[in-house]
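Listed below, chain by chain, are the residues.
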Amino acid sequence: AVSQMQRARDIIQEGLSQRAKVGIKVRQPLLSLTYFGDKLALEYELIIGEEVNVQAVANLMRDPEASEPGETEELHSTYLNTTITPELKREGMSREIIRAVQNARKEAGLEVDDRIHLELKTADHELLKALEEHADTIHIETLAKPGTAHDGFEKSVKIEGSDLQI
């Protein structure tokens, strides 16, 4: 179990390193990470998925005849699929929205467990779609009730370059 946990940590580190190299924030979900070699227990794959923020973790065995004895091992033991679909992009936007709302809550002097009325406005089509698709998650994560805010705290933020009124 210790060696599997260490291997999972190495895979996580490599996945995060690959994200950093291509400039994709960890808040942006990705489709998959594939690792090579012996298969890890499911619990470790779930940890990898959570830490690297991928929807799926897959395992591929290396072809033992692919490299000659003494040949150096391939540098990467993982492959991170960095293709961002429109759906993944909007999910990433929703996480940025949640972060922005949480920051606005702090600025407004609210306690972590205070329930709030949350009103979000934008003219951006994709951001609006992200708000609609992920409304439940946004409200749950921010302890918000949908509805109109009265005389409340207001803040403008940029999400992926688009204006959002909180």
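Please read all numbers here as calculations on a predicted model, not as lab measurements.

Ranked by internal contacts, the top residues of the largest apolar core, which has 17 residues, are Ile97, Leu118, Ile159, Leu164 and Ile166. Residue assignment for this core shows that the elements contributing at least two residues are helix H3 (86-107), strand S4 (116-118), helix H4 (125-133) and strand S6 (156-159). If we ignore the near neighbours within four places in the chain, the residues touching isoleucine 166 are Ala100, Val101, Ala104, Leu118, Glu119, Leu120, Phe153, Glu154, Lys155 and Val157. Within the second largest apolar cluster, 14 residues are counted, among which are Ile11, Leu33, Tyr35 and Tyr44.

Here arginine 105 is to be found in helix H3. No salt bridge is formed by the buried arginine 105. Its closest oppositely charged neighbour is aspartate 114, at 5.5 Å. A polar contact of 3.1 Å, which involves the side chain of arginine 105, links it to the backbone oxygen of valine 112.

This paragraph deals with the pairing of strand S2 (residues 54-60). Consecutive residues of a regular strand have side chains that alternate between opposite faces of the sheet. With six bridges joining them, strand S1 (residues 30-36) and S2 adopt parallel strand pairing. Residue leucine 30 lies in a different strand from S2, and its bridge partner there is valine 54. Handedness of the crossover joining S1 and S2 through helix H2 (residues 42-52) is recorded here as right-handed.

Thresholds applied
- Residues numbered from 1 in each chain as written.
- Predicted model: local features only at pLDDT ≥ 70, side-chain atom pairs only at ≥ 80, totals over all residues.
- Heavy atoms only, no water.
- Core = buried A, V, L, I, M, F, W, Y, C linked by side-chain atoms within 4.5 Å.
- Buried < 20%, exposed > 50% of the residue type's maximum accessible area, 1.4 Å probe, protein only.
- Helix = DSSP H or I, 4+ residues; strand = E, 2+ residues; numbered from the N terminus.
- Contact = heavy atoms within 4.5 Å.
- Lys, Arg positive; Asp, Glu negative; His and termini not counted.
- Salt bridge = Lys/Arg side-chain N within 4 Å of Asp/Glu carboxyl O.
- Polar contact = N/O pair within 3.5 Å; in protein donor to acceptor, adjacent residues only side chain to side chain.
- Pairing = 2+ DSSP bridges.
- Right-handed = clockwise from strand over helix to strand, strands pointing away.

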